[in-house]
Amino acid sequence: MPLKQRNAVLELHSPTEDQLVSPSVGSVATDFGSIAEDGQGAMASVDKTADSSAQDQDKVKMKKSLGLLEGVAIILGIILGSGIFISPKGVLQEVGSVGTSLVIWVLCGVLSMIGALCYAELGTAIPKSGGDYAYIYEAYGPLPAFLYLWDATVIFVPSTNAIMGLTFASYVFQPLFAAGCSVPTIGLQLFAAVTICALTYINAYDVRVTTKMQNVFMFTKIGALVLVIVVGVVWMAVADGGMDNFENAFDGTETDPGKISVAFYSGIFSYAGWNYLNFMTEELRDPYKNLPRAIYISLPLVTAIYVLANMAYVAVLTPQAILASDAIAVTFAQRAMSYGAFVMPILVAIAAFGGLSVHIMTSSRMCFVGARNGHMPEILSHINVNRFTPMPSLVFLCALSLLYLFISDVYVLITYSSIVESFFIMLSVSAVLYFRYTRPDIHRPIRVPLWVPTLFVIICAFLLIVPCYVAPYEVGMGVALTLAGIPVYYIGVAWKNKPKAFTDALAKVTQFCQKMFMTAKEEIDTDE
């Protein structure tokens with residue numbers, strides 16, 4: 001976009017005293033039509049198709065820069081984080097036997113694929129960014145959607161960023177310290193803070209840089225897990241007693257429904273992220289094809305890799321060794337790879353770094369869409385006019401993530417919110433059934449059989465009910481944190497006639513941030 005036109009856009013979006021409005025609506029009077037008309041007049045002699053394409057590139061909106069490979073890299077980048085390398089022992093700990101734990105891993109993969117099929121229909125029927133927030137908003141209205149956004153913004157996203165940053169910092173620093181020496185907590189926190197800020201900057205600078213990084217990280221993570229699988233297969237084939245850990249594989253299996261439910265939660269947590277590409281639907285090229293294709297490629301691949309990797313862990317390590325390890329991939333490498341064991345911490349660090357990068361990128365779109373709907377401060381719906389990225393949303397979530405780095409109970413917050421997050425995922429999938437009834441004629445490029453969302457909702461309901469008596473305190477805290485968003489909604493969103501002093505102050509803050517970040521409101525095509 002020419003510099004003069006960018007300045008014109010900024011001037012159009014800088015509110016005057018007469019343009020101050022309620023932050024719940026959060027809009028500054030803008031007329032992009034005159035800009036489009038001026039552009040068309042200046043290029044009247046150019047072919048209409050080329051003219052339209054050039055204007056689209058100049059519009060203040062996020063560009064469709066993601067293809068199929070980038071879509072697969074985003075899904076795999078989120079799912080193949082550090083979890084499978086660090087603590088897959090959660091499933092084994094609850095069910096008590098190797099055989100049952102492997103069955104749980106398979107079933108969790110199948111459940112994730114069923115859920116992903118439903119999200120493929122939702123993402124193509126409602127091609128909007130924002131993922132679960134957008135689907136809940138369309139199906140059940142603004143209040144449930146706001147409560148999801150509230151939980152995600154206050155707990156899910158910043159706490160996850162903080163934990164992933166600390167994990168990366170731990171794997172970078174631990175090899176530098178002698179055995180038995182612990183890394184200073186403040187050192188981990190400061191390095192994690194630098195990492196989060198650096199990745200936020202990269203994401204704000206250019207989406208394409210981030211996606212290219214994700215392509216590299218994707219192949220690195222797959223390579224690391226393939227290495228684990230190959231070493232495990234070789235161990236089973238040539239080592240003495242290589243198959244001993246699979247004998248009597250189902251002995252000691254727990255039959256308590258509560259423990260089985262918790263085991264499922266541990267497994268599903270490792271598969272978490274299969275819905276994150278839906279947060280960026282509007283940036284996908286040809287989303288009707290590339291969104292479902294990315295899902296169809298990623299989920300079967302992840303399920304196969306996870307099951308085979310766990311079989312490799314079990315082949316090399318006894319159940320007792322798995323339960324005693326805090327970083328199972330490193331323990332596995334020390335036992336089976338000898339002098340090559342130093343490679344594994346590096347690969348785990350890369351996995352954590354890549355997962356954090358893609359999580360920062362995708363979660364910012366949810367915040368951006370929420371602000372676009374008036375559920376967040378208006379400045380968060382702005383886009384940098386040079387880079388076409390949601391810079392204010394990225395910086396806002398970065399600040400929250402830095403705050404959570406220095407909260408000692410961040411892991412407890414994740415425990416409280418996990419049950420609530422599962423509820424919202426179930427609510428999103430139930431929207432498939434709801435739309436079949438209320439919008440039967442909506443265009444659906446992907447149409448899953450009705451038994452698919454029905455089965456997913458039933459299983460999720462079971463997984464939600466059981467923890468209520470297994471861990472009632474954690475469930476109660478998660479519900480309380482969610483319900484705390486109701487008064488925030490009615491004060492911040494539903495209340496339109498706020499005091500003029502408040503709206504004036506908020507408008508000045510918006511204008512200041514707008515100039516600082518060089519942003520403008522997104523320009524929407526009339527056909528959208």
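The name given to the chain in an unreviewed UniProt entry is Amino acid permease/ SLC12A domain-containing protein, with the source organism recorded as Anopheles epiroticus. UniProt, in the comment section headed Subcellular location (unreviewed entry), describes the chain in these words: "Cell membrane". In UniProt, the chain has this text filed under Sequence similarities (unreviewed entry): "Belongs to the amino acid-polyamine-organocation (APC) superfamily. L-type amino acid transporter (LAT) (TC 2.A.3.8) family."

1. Side note on the overall build of the chain
Looking only at helices and strands, one finds 23 helices and two strands in the chain. Taken across its 528 residues, the chain has 54% of its residues classed as buried. As displayed, the chain offers around 22,600 Å² of accessible surface, 66% of which is attributable to carbon and sulfur atoms.

2. A word on helix H10 (residues 185–205)
For H10, spanning 21 residues, the distance from its first C-alpha to its last is 30 Å, which sits close to the expected 30 Å at 1.5 Å a residue. Where the residues of H10 are buried, they touch helix H9 (142–173), helix H11 (207–238), helix H16 (343–372) and helix H17 (391–405).

3. Quick look at the side chain of Arg 436
Tracing the sequence through the fold places Arg 436 in helix H18 (residues 410–438). In terms of polar contacts, Arg 436 uses its side chain to reach the side chain of Glu 121, at 2.9 Å. Residue contacts for Arg 436: discarding those within four places in its chain leaves Glu 121, Arg 444, Arg 447, Val 448 and Leu 450.

4. Thoughts on the environment of Asn 386
Tracing the sequence through the fold places Asn 386 in the loop between strand E1 (382–384) and H17. Counting along the chain gives 132 residues from Asn 386 to Met 518, while the straight-line C-alpha distance between them is 7.8 Å.

5. What to know about the nonpolar core
Formed by 157 residues in total, the largest nonpolar core has its most connected members in Phe 85 and Tyr 148. Ignoring sequence-local partners within four residues, the contact set of Tyr 148 consists of Asp 132, Tyr 133, Ile 136, Phe 156, Phe 279, Met 366 and Phe 424.

6. Describing empty space enclosed by the protein
Scanning all chains against the criterion turns up six cavities of 30 Å³ or more. Taken as a whole, the second largest cavity holds about 80 Å³ of empty space. Around the second largest cavity sit Pro 88, Lys 89, Leu 92, Ser 101, Leu 102, Trp 105, Asn 310, Tyr 313, Val 314, Ile 322 and Ile 328, which together line it. At the level of elements, helix H6 (89–95), helix H7 (98–125) and helix H13 (287–316) are the ones that each hand at least two residues to the lining of the second largest cavity. Considering only residue class, the lining of the second largest cavity consists of eight nonpolar, two polar and one charged.

7. Overview of H9
When the terminal C-alpha atoms of H9 are compared, their 44 Å separation across 32 residues agrees well with the 46 Å that a helix rising 1.5 Å per residue should span. Along H9, 23 of the 32 residues are buried, which leaves the element largely enclosed by surrounding structure.

8. Brief notes about the side chain of Thr 519
Considering the arrangement of structural elements, one finds Thr 519 in strand E2 (residues 519–521). The class of Thr 519 is buried, set by a relative accessible area of 0%. Within the structure, Thr 519 has its side chain in polar contact with the side chain of His 382 (distance 3.3 Å).

9. A closer look at the confidence of the model for the chain
In low-pLDDT segments, the atomic positions of the prediction should not be examined closely. Of the residues in the chain, 87% have a pLDDT of 70 or more, and the chain-wide mean is 83. Confidence drops under a pLDDT of 50 for residues 1–50, and excluding neighbours within four residues, the segment shows 74 contacts in the predicted structure.

10. What to know about a nonpolar patch on the surface
A cluster of nonpolar side chains, namely Val 226, Val 230, Val 234 and Val 238, defines an oily patch on the protein surface of about 330 Å² accessible area. Following the sequence through the fold, Val 238 ends up in helix H11. With relative accessibility at 63%, the residue Val 238 sits in the exposed group.

11. Brief notes about the pattern of salt bridges
The final tally for this structure, using the stated rule, is nine salt bridges. Residue Arg 208 is joined to Asp 206 by a salt bridge in which the shortest nitrogen-to-oxygen separation is 3.3 Å. Judged by relative accessible area, which is 13%, Asp 206 ranks as buried. In this structure, Arg 372 engages Glu 522 in a salt bridge whose closest nitrogen and oxygen atoms are separated by 2.8 Å. Taken together, the residues Arg 372 in helix H16 and Glu 522 in the segment after E2 connect sequence positions 150 residues apart. With a relative accessible area of 28%, Arg 372 lands in the partly exposed category.

12. Structural notes on the packing of H11 against helix H15 (residues 328–336)
Running from N to C, H11 and H15 cross one another at 45°; their axes reach a closest spacing of 11 Å. If you check the angle between H11 and H15, you find them oblique. Of the two possible hands of crossing, H11 and H15 adopt the one that is left-handed. When H11 is examined against H15, the residues Val 228, Val 231, Gly 232 and Trp 235 are found in contact with a partner set consisting of Phe 332, Arg 335 and Ala 336.

The rules behind each value
Residues numbered from 1 in each chain as written. Predicted model: local features only at pLDDT ≥ 70, side-chain atom pairs only at ≥ 80, totals over all residues. Heavy atoms only, no water. UniProt positions renumbered as here; feature names shortened; annotations may be inferred. Helix = DSSP H or I, 4+ residues; strand = E, 2+ residues; numbered from the N terminus. Buried < 20%, exposed > 50% of the residue type's maximum accessible area, 1.4 Å probe, protein only. Areas by Shrake-Rupley, 256 points an atom, 1.4 Å probe, with all protein chains shown as cover. Expected span 1.5 Å × (residues − 1). Contact = heavy atoms within 4.5 Å. Polar contact = N/O pair within 3.5 Å; in protein donor to acceptor, adjacent residues only side chain to side chain. Core = buried A, V, L, I, M, F, W, Y, C linked by side-chain atoms within 4.5 Å. 1 Å grid on protein atoms, 1.4 Å probe; cavity = no way out; pocket = protein on both sides within 12 Å on 5 of 7 lines; lining within 4 Å. Points joined across faces, edges and corners; volume = space filled by probe spheres on them. Nonpolar A, V, L, I, M, F, W, Y, C, P; charged D, E, K, R; others polar. pLDDT = per-residue confidence, 0-100. Patch = residues over 30% accessible without salt bridge, like charges linked within 9 Å, V, L, I, M, F, W, Y side chains within 5 Å. Salt bridge = Lys/Arg side-chain N within 4 Å of Asp/Glu carboxyl O. Axes fitted to C-alpha atoms, helices over the stretch in contact; angles between N-to-C directions. Parallel < 35°, antiparallel > 145°, perpendicular 65-115°, else oblique. Left-handed = near helix turned anticlockwise from the far one by under 90°.

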